[in-house]
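Structure at a glance
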Amino acid sequence: MNSFVPQNRADNDGVSRETPAGAYGDLLDVSRETEADSVASQASVSRETWGAAHAVAPETPLAQMAHAAMADRGQDTPWPRPKSCRIISVANQKGGVGKTTTTVNIAAALAMHGQRVLVVDLDPQGNASTALGMERDNQTRSIYHCLVEDEEIRKLAQPVPDIPNLWCAPATIDLAGAEIELVSLVAREARLKRAFAAYDTSDLDYILIDCPPSLGLLTVNAMVACDEVMIPIQCEYYALEGLGQLLRNVELVKSHLNTGLSISTILLTMYDGRTRLSQQVADEVRSHFGDLVLRTLVPRSVRVSEAPSYAQSVMTYDPSSTGAMAYLEAAREIAHRA
Ligand SMILES: Nc1ncnc2c1ncn2[C@@H]1O[C@H](COP(=O)(O)OP(=O)(O)OP(=O)(O)O)[C@@H](O)[C@H]1O
Ligand SMILES: [Mg+2]
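Since the model is a prediction, treat every value here as computed from it, not as a measurement. (Residues numbered from 1 in each chain as written. Chains lettered and ligands numbered in written order. Predicted model: local features only at pLDDT ≥ 70, side-chain atom pairs only at ≥ 80, totals over all residues. Heavy atoms only, no water.)

1. Structural notes on the pairing of strand β2 (residues 117-121)
Where burial is concerned, most of β2 is hidden: 5 out of the 5 residues are buried. On β2, burial covers both faces: V117, V119 and D121 on one face and L118 and V120 on the other are all buried. Here β2 runs beside strand β4 (residues 166-169); their pairing, made up of 4 bridges, is parallel. Residue pairing in the sheet places L118 in a bridge with W167 of β4. Note that β2 and strand β5 (residues 206-210) share 5 bridges and pair parallel. Note that in β5 the partner of V117 across the bridge is Y206. (Buried < 20%, exposed > 50% of the residue type's maximum accessible area, 1.4 Å probe, protein only. Helix = DSSP H or I, 4+ residues; strand = E, 2+ residues; numbered from the N terminus. Pairing = 2+ DSSP bridges.)

Here's what the structure looks like:
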């Protein structure tokens, strides 16, 4: 039941990169709606009240209109599938920058466009598992058992409800002790790599690993097991603080443990078009990292922050929202960079 067999090739109803308005046109579209979203986020409305009042089911007329609008823009070319499974760690030791949100929504967007995707939740907080609707109890076998007890990933990965082609290897609270338990294990930095090597990834197109906000052994395991690192950067003051340490760690892992490792992607998150600060951070990141930075910016959006409380990605919670559209665009860019 958990085998990584494509169940349902999704329609190729995505958005072409070659839109007439170009990436920055999209950016402007996104930032225009950001204002409303941001204002809403500042309102002191309880999550339940706000969520209940604004929940939009995937098949609402609004969502259908959004999909129709995308189709009108001539954006229904199929997304290319990688020759072999791309393993991408989503990492930044700074907390709350959008790692989990990015992992979950990029994974959902890829899966909704026919890619077969596994999310590995490597954060003891288990936020990605929650956002993907993973049922967990004391008996749940999780990525902890894979790292510490050599459990097979295939056995613990669960299909994500309502999103064909998407699976999640969940995290449970046991993982909080893993950093310490791993220290005494053989090949402690390569436990996840071994787990990936132990099963056939040829059925998968992507594995996305949601890293915790630290540079400890869990994150090192992710970096040893992957080919690419994706770094979400929040468009806020101090956004670049600590980035040097992250880059040095990537270099260290590359030179000692995984020569194939590279930083492939930087994604600017929580962009607020009303502030000069967001624009300044975006400009600074682009001037440092050039083409590594995706053209798509993810706006600050209430819908994005609401979705996890409904155990959903924003891609299913409100596919017509600015946040969902931005993650769709970002996923398209990633798919075309294969
Ligand atoms: N584009 C966005 N608009 C509004 N809120 C967002 C957006 N992206 C993320 N958030 C919210 O910001 C908070 C932090 O996001 P997220 O959990 O993805 O960050 P993280 O880097 O994974 O955090 P941690 O370091 O704790 O793992 C969450 O409450 C999330 O809902
Ligand atoms: Mg997280």
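After that view, the rundown keeps rolling.
2. Let's talk about the site of ligand 1
Taken together, 17 residues form the shell around ligand 1, and within it K99, T100, T101, P299 and S301 come nearest. Taking D123, its side chain carries an N or O atom lying 3.3 Å from an oxygen atom of ligand 1. Between ligand 1 and P299 there is a distance of 2.9 Å, counted from a nitrogen atom to a backbone nitrogen or oxygen. Within the residue set of the shell around ligand 1, elements represented by two or more residues are α4 (99-112), β8 (293-299) and α13 (302-306). Broken down by element, the residue count for the shell around ligand 1 peaks at 3 residues, all from α4. (Near = heavy atom within 4 Å. Polar contact = N/O pair within 3.5 Å; in protein donor to acceptor, adjacent residues only side chain to side chain.)

3. Digging into helix α15 (residues 322-336)
When the terminal C-alpha atoms of α15 are compared, their 21 Å separation across 15 residues agrees well with the 21 Å that a helix rising 1.5 Å per residue should span. Taken across its 15 residues, α15 has 13 buried, putting it largely inside the fold. (Expected span 1.5 Å × (residues − 1).)

4. Details of the pairing of β8
Of all 7 residues in β8, 6 are buried; the element is thus mostly enclosed. When strand β7 (residues 262-271) meets β8, the two strands line up parallel, connected through 3 bridges. Note on β8: the bridge partner recorded for L268 is L297. For the handedness criterion, the β-α-β arrangement of β7, helix α12 (residues 276-289) and β8 is classed as right-handed. (Right-handed = clockwise from strand over helix to strand, strands pointing away.)

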